2 protein chains.
Amino acid sequence: MKEINIIGMGMSEKTLTAEALELIIEADILIGAKRLINEFSHMNKPSFNAYLSNDILEIIEETDAEKIAILVSGDVGFYSAAEKLVDVLKDYNPNLISGISSVSYFFAKCSLPWKDANLISCHGLDTNIVSSVRRNRFTFALTGKNIPELQKELVKYGFGDLKVWVGENLGSDEESIQESTISELAGNQFSSLTVLIIENPDFDSRIRTGIPDEEFIRGKVPMTKSEVRAVCLSKLSINPDDVAYDIGCGTGSVTIEMAFSAYDGKVYAFDKNEEAIELLKQNCQKFHLDNVEAICGL
Amino acid sequence: MKEINIIGMGMSEKTLTAEALELIIEADILIGAKRLINEFSHMNKPSFNAYLSNDILEIIEETDAEKIAILVSGDVGFYSAAEKLVDVLKDYNPNLISGISSVSYFFAKCSLPWKDANLISCHGLDTNIVSSVRRNRFTFALTGKNIPELQKELVKYGFGDLKVWVGENLGSDEESIQESTISELAGNQFSSLTVLIIENPDFDSRIRTGIPDEEFIRGKVPMTKSEVRAVCLSKLSINPDDVAYDIGCGTGSVTIEMAFSAYDGKVYAFDKNEEAIELLKQNCQKFHLDNVEAICGL
């Protein structure tokens, strides 16, 4: 039976654990992304440049090697390639070897604890980063080249003054860590391997329903009253990751409360009245809700 | 200026990082709990057995050593002594060096990802472990000798059938990992260094208000109606970590909804009617709410 170790390589050779190094030394072959296997080229082991699960499975099926080390970056349990590998390689019953994650590494560099942080990945298209920042003291975000968009989004929804730590190319010789406000990030360029920590000392995790009418920015468009909203929202019983629709949303006071409930989801709101849609957009900014798509039309 | 490194030692010598080892080798003195400094007794460095922040500060103030390594277990950012040390030693501007946390280590051993897990410590008296299990697919809990109490609590509130992974003395020669259901843990003894992962595939993160009347276990005691509850709860606007009081709670239908909102806090409910208090207790079990103290009396 082949022995397969999926090894978290941490942030660099410096953060490699003794156990990981030992298993690499004992391995007959190494498999992983080029950047990772190259670190051990001096060992002259047969090495395979592969990072897609099915490619790795194929290499394992074809090799005669008994001890196989698959190298993955960071830790094996945090947005890691290991998650899919465990599934694809389940017949081989692979071992997972933990490594230093970007979470652990970056919080240490910033002298902050991570135990209460909300951890998100902004590599997907529709991450509710504003929701996370509204609801949590610390948000840790994996980002790519999309920081300019995230920065604009956070400023638009009222979080421009918050403190942010930006970590680029962590663990490498080009490592850079800067502290600033979110507004100050405007116009900067960032590496494709960048992580953020955002601190919101005034975080608020409430799911608000029946918000007092006077808290809304209002125009001439009629608005559903506070108590009616509270009852409607209770009947809807929305899950955090739900997608909800508000057809004929008016000023969007119900939309706003749906968006509080669906903080990991999304609300689509429609109205033919342009003024209503405009008011809804203003209220989304006021209440720090980025998970609403307001559409003017029939 | 003294150079102070607060070093996360991971789960054992095997999980020590290359960086941590290098800083320990370079250090003039070592400070830490006996178990940790003993690992390096072969280096014959002056070593100080201390783990309280103020004791460590005193040692640092009195020593002539320039390079000081403070050893802490696990990672520096997860329920770590490092958190207080950073504050007490702030004039020395210490560096934090990340280590393998029990979270990263144990999830890897169980072949699970930890990115979406809720992380709690049950070392305090009043941890809402039932709330965490109700609201999250995975709960990771640091526990001590209190597993028998936690086990009973979880069974009482309807989670006896859930899957649990129990890790004792992780990283040591006495490491033990077992998989079972929560019910099956009854009667077992556990080490004082034990962690749990609990999986709830039917987790539900909703903050419920205006729960349909028929969902409650009811007796002859009058009950506040669904719509009235929804409006009351919206006016209360309870924070997750609030402590709330329900005086004259009746069957406790409002208490139940307060407990959903205060999932990281607590609700004290009072009624002179014994039957009412009994019904409230039954409903707390039905809705998986362990954060209610129901008191019969005037």
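Residues numbered from 1 in each chain as written. Chains lettered and ligands numbered in written order. Predicted model: local features only at pLDDT ≥ 70, side-chain atom pairs only at ≥ 80, totals over all residues. Heavy atoms only, no water.

1. Some thoughts on the overall build of chain A
Move 1: The number of helices and strands found in chain A is 10 helices and 13 strands.
Move 2: In terms of principal-axis extent, the alpha carbons of chain A reach across some 75 × 40 × 30 Å.
Move 3: Of the contacts made within chain A by residues no fewer than 6 positions apart, 64% connect residues no fewer than 24 positions apart.
Move 4: Looking at chain A as shown, the accessible area adds up to about 13300 Å², and 47% of this sits on carbon and sulfur atoms.
Move 5: Seen as two clouds, the 28 positive and the 46 negative side-chain charges of chain A have centres 7 Å apart. (Helix = DSSP H or I, 4+ residues; strand = E, 2+ residues; numbered from the N terminus. Contact = heavy atoms within 4.5 Å. Areas by Shrake-Rupley, 256 points an atom, 1.4 Å probe, with all protein chains shown as cover. Lys, Arg positive; Asp, Glu negative; His and termini not counted. Charge placed at Lys NZ, Arg CZ, Asp CG, Glu CD.)

2. Let's talk about the packing of helix α8 (residues 226-236) of chain A against helix α8 (residues 226-236) of chain B
Move 1: Between α8 of chain A and α8 of chain B, the least distance of the axes is 8 Å, while the angle of their chain directions is 115°. Comparing the axis directions of α8 of chain A and α8 of chain B gives the class roughly perpendicular. Like other packed secondary-structure pairs, α8 of chain A and α8 of chain B cross with a definite hand, here right-handed. Residues S226, E227, A230, V231, S234 and K235 of chain A of α8 of chain A touch α8 of chain B, and the partners they reach there are S226, E227, A230, V231, S234 and K235 of chain B. (Axes fitted to C-alpha atoms, helices over the stretch in contact; angles between N-to-C directions. Parallel < 35°, antiparallel > 145°, perpendicular 65-115°, else oblique. Left-handed = near helix turned anticlockwise from the far one by under 90°.)

3. Some words on the sheet that holds strand β3 (residues 47-49) of chain B
Residues and elements named next belong to chain B.
Move 1: If you trace the five strands from one edge of the open sheet to the other, you get β3-β2-β4-β1-β5, paired in parallel fashion. Each of the sheet's edge strands pairs with one partner strand only, and the pair in question is β3 and β5 (95-97). Direction aside, the axes of adjacent strands within the sheet are offset by 20° on average.
Move 2: As paired strands, strand β1 (residues 3-8) and β5 are joined by three bridges and run parallel to one another. Note on β5: the bridge partner recorded for I7 is I97.
Move 3: Contacts between helix α3 (residues 53-62) and the sheet are confined to β1, β2 (29-32), β3 and β4 (67-72), with β2 contributing the most and set at about 165° to the helix. (Pairing = 2+ DSSP bridges.)

4. Side note on the relation of the copies chain B and chain A
Move 1: By a simple turn and slide, chain B fits onto chain A: the slide is 0.0 Å along the axis, the RMSD is 0.1 Å, and the turn is 180°. Given the turn and translation reported, the copies of this chain are related as if by a two-fold rotation axis. For chain B, the residue whose C-alpha comes nearest the rotation axis is T17 of chain B, separated from it by 2.0 Å. (Least-squares fit on C-alpha atoms with pLDDT ≥ 70 in both.)

5. Topic: a nonpolar patch on the surface
Residues and elements named next belong to chain A.
Move 1: A contiguous nonpolar surface patch, about 340 Å² in accessible area, is contributed by V243, Y245 and I247.
Move 2: One can find V243 in strand β11 (residues 243-247).
Move 3: Judged by its relative accessible area of 48%, V243 is partly exposed. (Patch = residues over 30% accessible without salt bridge, like charges linked within 9 Å, V, L, I, M, F, W, Y side chains within 5 Å. Salt bridge = Lys/Arg side-chain N within 4 Å of Asp/Glu carboxyl O. Buried < 20%, exposed > 50% of the residue type's maximum accessible area, 1.4 Å probe, protein only.)

6. Describing the side chain of K115 of chain B
Move 1: Here K115 of chain B shows up in the loop between α5 (102-109) and β6 (118-121).
Move 2: Assessed through its relative accessible area of 17%, K115 of chain B is described here as buried.
Move 3: Side-chain polar atoms of K115 of chain B contact the side chain of E83 of chain A, separated by 3.3 Å.
Move 4: Residue contacts for K115 of chain B: discarding those within four places in its chain leaves G77, F78, Y79 and E83 of chain A. (Polar contact = N/O pair within 3.5 Å; in protein donor to acceptor, adjacent residues only side chain to side chain.)

7. Notes on the sheet that holds β6 of chain B
By definition, the strands of a sheet pair up through backbone hydrogen bonds, in either a parallel or an antiparallel sense.
Residues and elements named next belong to chain B.
Move 1: Read from one edge of the open sheet, five strands run β6-β7-β10-β8-β9, paired in mixed fashion. One side of each edge strand has no neighbouring strand; the edge strands of this open sheet are β6 and β9 (176-181). Pairwise comparison of adjacent strand axes, ignoring direction, gives a mean angle of 20° for this sheet.
Move 2: Across six bridges, strand β8 (residues 163-168) lies against β9 in antiparallel orientation.

8. So, the domain arrangement of chain A
Residues and elements named next belong to chain A.
Move 1: Under the domain assignment, chain A is made up of domain 1 (3-100), domain 2 (103-199) and domain 3 (213-296).
Move 2: A straight line from the C-alpha centre of domain 2 to that of domain 3 covers 27 Å.
Move 3: Between domain 2 and domain 3, the contact holds 13 residues from the first and 13 residues from the second.
Move 4: Both faces combined, the contact of domain 2 with domain 3 buries some 1000 Å², and carbon together with sulfur accounts for 47% of it.
Move 5: Of all residues in domain 2, N128, R134 and Y157 give up the largest surface area on contact with domain 3, accounting jointly for 52% of the area buried on that side. (Domains from an automatic or database assignment. Buried area = accessible area lost by both parts, 1.4 Å probe.)

9. A few points about the interface of chain B and chain A
Move 1: Across the contact, 49 residues belong to chain B and 49 residues belong to chain A.
Move 2: A salt bridge links E83 of chain A to K115 of chain B; its shortest N-O distance comes to 3.3 Å.
Move 3: Here chain B and chain A share 22 residue pairs in polar contact (both at pLDDT 80 or more) between them.
Move 4: A per-element tally of the side of chain B that touches chain A places α8 of chain B first, with six residues.

10. Some words on α5 of chain B
Move 1: Across the eight residues of α5 of chain B, seven count as buried, placing the element largely inside the fold.
Move 2: Taken as a whole, α5 of chain B has its buried residues at S102, V103, S104, Y105, F106, F107 and A108 of chain B.
Move 3: Looking at the buried residues of α5 of chain B, the elements they touch are β5 (95-97) of chain A together with β6, β7 (138-143), β8, β9 and β10 (194-199) of chain B.
Move 4: Residue S111 of chain B follows α5 of chain B closely and has a positive phi angle near 55°.

11. Details of empty space enclosed by the protein
Move 1: In total, this model carries eight cavities of 30 Å³ or more according to the counting rule given.
Move 2: By volume, the largest cavity is sized at about 300 Å³.
Move 3: Around the largest cavity, the lining is made up of 23 residues, and of these I207, T209 and S261 of chain A together with I207 and T209 of chain B lie nearest the centre.
Move 4: Mapped onto the lining of the largest cavity, the elements with two or more residues apiece are α8 of chain A together with α8 of chain B.
Move 5: Size it by volume and the second largest cavity reaches roughly 50 Å³.
Move 6: As for the second largest cavity, its lining consists of D75, G99, I100, S101, S104 and W114 of chain A together with D75, G99, I100, S101, S104 and W114 of chain B. (1 Å grid on protein atoms, 1.4 Å probe; cavity = no way out; pocket = protein on both sides within 12 Å on 5 of 7 lines; lining within 4 Å. Points joined across faces, edges and corners; volume = space filled by probe spheres on them.)

12. Observations regarding the packing of α8 of chain A against helix α9 (residues 253-261) of chain A
Residues and elements named next belong to chain A.
Move 1: Put simply, α8 and α9 touch, their axes get as near as 10 Å, and they point 40° apart. One finds that α8 runs oblique with respect to α9. Here α8 runs over α9; the crossing is right-handed. Residues R229, A230, L233 and L236 of α8 touch α9, and the partners they reach there are S253, V254, E257, M258 and S261.

13. Re a negative patch on the surface
Residues and elements named next belong to chain A.
Move 1: On the surface, D55, E58, E61, E62 and D91 cluster together to form a negatively charged patch.
Move 2: Along the chain, D55 turns up in helix α3 (residues 53-62).
Move 3: Residue class for D55 comes out partly exposed when judged on its relative accessible area of 36%.

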